[in-house]
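Residues per chain are reported as follows:
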Amino acid sequence: MSSAIEAELLPLTSEDGPAGLSVGAIALTELARRFGTPLFVYDEEHLRQRCREAVSAFGRDNVAYASKAFLCTAMARLAHEEGMLLDVASGGELRVALRAGVPADRIVLHGNNKDENELRTAVSARVRHIVVDSFDEMDRIERLHAAGDLPPAQVQLRVAPGVAAGAHESIRTGGNDSKFGFGLADGVADAAVRRAAASSAMNLEGIHAHVGSQVLDARELAAGAAAVARFAAHAGVCRLTVGGGLGVAYEAGQSAPTFAEWARQVRDAARGAGWNGEVAVEPGRSIVARAGMTLYRVGTIKRIEGVRTYVSVDGGMSDNLRPALYASRYEAFLPRSPRSSRPLRARLVGKHCESGDVIIDNAALPLDLRVSDVLATPVTGAYGYAMASNYNKLLRPAVVFVRNGEARIVVRRETEEDLLRLDMDSAPDGVVIPSGVGRLVAARHPGTA
Ligand SMILES: Cc1ncc(COP(=O)(O)O)c(C=O)c1O
Ligand SMILES: N[C@@H](CCCC[NH3+])C(=O)O
């Protein structure tokens, strides 16, 4: 644990040079200087390579990038250019994908509680298919169809196969006790197939399931695939989607299956269960996690004799919620000296007013770490920016793509003006109205107290 950061945790174009670690042929310290911190940096070449590997393992029409892991128009465009479909899980994600120019027939819509607007937008845009999650959603699709001139929706049915996997309880989805999908165990999935097949508002093309996320053993994904494949074969549909879930290494010593291994395992499992068609997947984390890292600046180092050392950086749980939510582990290193050994033990924390604002408990760090150093946490490309918040009114970081010596901001850093723009009681110049706010609200919104 005192050794230098492992190359397997860094983006593919990482190189050690006189200015320290570079990604996409730009030194990370230079990126921090130019764009400020905290900063999300993505290796564009790495992103593209992961997309290509996934497409080559599963086939162009069988792999959708699960955009919930990280989405902006640049990412949507990149995944589309590399031949992937795009999985969106809300009207907002759908909007970004369409704005990026991804054709609707390369987009699939998910969600356990899609509202009428989301469904109307998806059906009228003619997305490739909608993954239907409940009978209430079928009611909505039928109402929309009956009310207007919308075509029948192309649908797959999400089932809960009774197989759950994943690194934490909160990210396991496929069990019988799940908010997602029609249960196989209680026969509800059979009823859903009968209803969808009989409805003139839906064209039932397939069965879908997703057992969970951050799964490092492909056999667990294969077990889920077998359960859902058996059902799909019996349902007589022509498409089978087994979701995402392939894990990544976050710490030294971990390893994850390749896309080719995942493909082999789920295909064999599906075939063994009587499914003769193709198998589609929706990887999110495994496309983007290792391509991205976060750069912070160290602000304070507090040594408590006989207790521990705290190292505070300028971000925290607002840009990486995963440690607080799932006890997820990360590593950290100094981009100025990536080969340094890391014998110092410290709790790496953020700047939020909360003791649980821990990025890495017991982090391994170099002894010469000092205030104002740029510190990097690798493998933050998935569900970092995507789950970022404004807690304590911190500003969401900028996101930069780097490639061949060029860096481009794909999402700009939030500004205080952005925050105030949503605040209905702040004056136009950003000065908060000091008194009478309650009366003002009442006058603007009749009916409020
Ligand atoms: C339906 C569905 N597909 C795909 C994914 C992507 O999962 P992952 O990022 O683990 O690959 C998820 C999230 O876990 C999901 O719920
Ligand atoms: N947000 C989770 C994964 C959820 C996957 C989406 N179904 C994570 O950060 O690991």
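Residues numbered from 1 in each chain as written. Chains lettered and ligands numbered in written order. Predicted model: local features only at pLDDT ≥ 70, side-chain atom pairs only at ≥ 80, totals over all residues. Heavy atoms only, no water.

In the annotation of an unreviewed UniProt entry, the protein is listed under the name Diaminopimelate decarboxylase and assigned to Streptomyces albipurpureus. UniProt lists a comment for the protein under the heading Function (unreviewed entry), and it reads "Specifically catalyzes the decarboxylation of meso-diaminopimelate (meso-DAP) to L-lysine." Annotation of the protein in UniProt includes, under Pathway (unreviewed entry), the sentence "Amino-acid biosynthesis; L-lysine biosynthesis via DAP pathway; L-lysine from DL-2,6-diaminopimelate: step 1/1." (UniProt positions renumbered as here; feature names shortened; annotations may be inferred.)

Another aspect to go through is the packing of aromatic side chains. Aromatic rings considered in pairs are described by the distance between their centres and by the relative angle of their planes. Here the structure, examined in full by the defined rule, presents eight aromatic pairs. Taking the centre distance of 6.3 Å and the plane angle of 55 degrees together, the rings of phenylalanine 70 and phenylalanine 401 count as tilted. Within this pair, whereas phenylalanine 70 is found in the loop between strand 5 (64-66) and helix 3 (73-81), its partner phenylalanine 401 is found in strand 18 (residues 398-403), the two being separated by 331 residues in sequence. With respect to class, phenylalanine 70 is no different from phenylalanine 401; both count as buried. Between phenylalanine 259 and tryptophan 262 the ring centres are 6.3 Å apart and the planes differ by 35 degrees, which places this aromatic pair in the tilted class. Placement of both phenylalanine 259 and tryptophan 262 in helix 9 (residues 259-272) is noted, with a separation of three residues, approximately one turn of the helix. (Phe/Tyr/Trp six-rings, centres within 6.5 Å; stacked < 30°, edge-to-face > 60°. Helix = DSSP H or I, 4+ residues; strand = E, 2+ residues; numbered from the N terminus. Buried < 20%, exposed > 50% of the residue type's maximum accessible area, 1.4 Å probe, protein only.)

Moving on: the site of ligand 2. What surrounds ligand 2 is the set Lys68, Ile171, Ser213, Arg285, Arg322, Tyr326, Tyr383 and Met387. The contact in question runs from an oxygen atom of ligand 2 to an N or O atom on the side chain of arginine 322, over 2.6 Å. Tyrosine 326 has a polar side-chain atom sitting 2.9 Å from a nitrogen atom of ligand 2. Surface burial for ligand 2 is 83%, taken as the share of its 310 Å² of free accessible area covered by protein chains. Of all the cavities here, the one that holds ligand 2 is the largest pocket. Across the shell around ligand 2, the residue classes tally to four nonpolar, one polar and three charged. (Near = heavy atom within 4 Å. Polar contact = N/O pair within 3.5 Å; in protein donor to acceptor, adjacent residues only side chain to side chain. Areas by Shrake-Rupley, 256 points an atom, 1.4 Å probe, with all protein chains shown as cover. 1 Å grid on protein atoms, 1.4 Å probe; cavity = no way out; pocket = protein on both sides within 12 Å on 5 of 7 lines; lining within 4 Å. Sits in = over half its atoms within 2 Å of the grid points. Nonpolar A, V, L, I, M, F, W, Y, C, P; charged D, E, K, R; others polar.)

Put simply, helix 6 (residues 135-147) and helix 7 (residues 188-198) touch, their axes get as near as 11 Å, and they point 10 degrees apart. On the basis of their axis angle, the class for helix 6 and helix 7 is roughly parallel. Taking contact as the criterion, the partners of Phe135, Met138, Asp139 and Glu142 in helix 6 are, on helix 7, Val188, Ala191, Ala192, Arg195 and Ala196. Here the residues of the contact of helix 6 with helix 7 are counted per class, giving six nonpolar, no polar and three charged. (Axes fitted to C-alpha atoms, helices over the stretch in contact; angles between N-to-C directions. Parallel < 35°, antiparallel > 145°, perpendicular 65-115°, else oblique. Contact = heavy atoms within 4.5 Å.)

In the neighbourhood of ligand 1, 15 residues make up the surrounding shell, with His210, Ser213, Glu282, Arg285 and Tyr383 lying closest. In this structure, lysine 68 approaches ligand 1 through a side-chain N or O atom, which is 3.5 Å from an oxygen atom. Computed on the free molecule, ligand 1 has an accessible area of 390 Å², of which 93% lies beneath the protein chains in the complex. Among the residues forming the shell around ligand 1, the class breakdown is three nonpolar, seven polar and five charged.

The subject of this paragraph is the side chain of histidine 352. As for its placement among the helices and strands, histidine 352 is situated in the loop between strand 15 (344-349) and strand 16 (358-365). Histidine 352 sits in the buried class, given a relative accessible area of 7%. Residues contacting histidine 352, with those up to four places away along its chain left out, are Gly315, Gly316, Met317, Ser318, Asp357, Tyr391, Asn392 and Leu394.

This paragraph deals with the UniProt feature "binding site: pyridoxal 5'-phosphate" (unreviewed entry) in the protein. Sites flagged by UniProt as "binding site: pyridoxal 5'-phosphate" (unreviewed entry) map to Gly245, Glu282, Pro283, Gly284, Arg285 and Tyr383. If you take the residues mentioned a moment ago, the ones lining the largest pocket come down to Gly245, Glu282, Gly284, Arg285 and Tyr383. Its place among the elements puts proline 283 in the loop between helix 9 and helix 10 (285-288). Ignoring anything within four residues of it in the chain, the contact list for proline 283 reads Val63, Ala64, Tyr65, Ala66, Met84, Gly244, Phe259 and Trp262. Here tyrosine 383 is to be found in the loop between strand 17 (374-378) and strand 18. In contact with tyrosine 383, other than residues within four places in its own chain, are Lys68, Ala69, Arg285 and Arg322.

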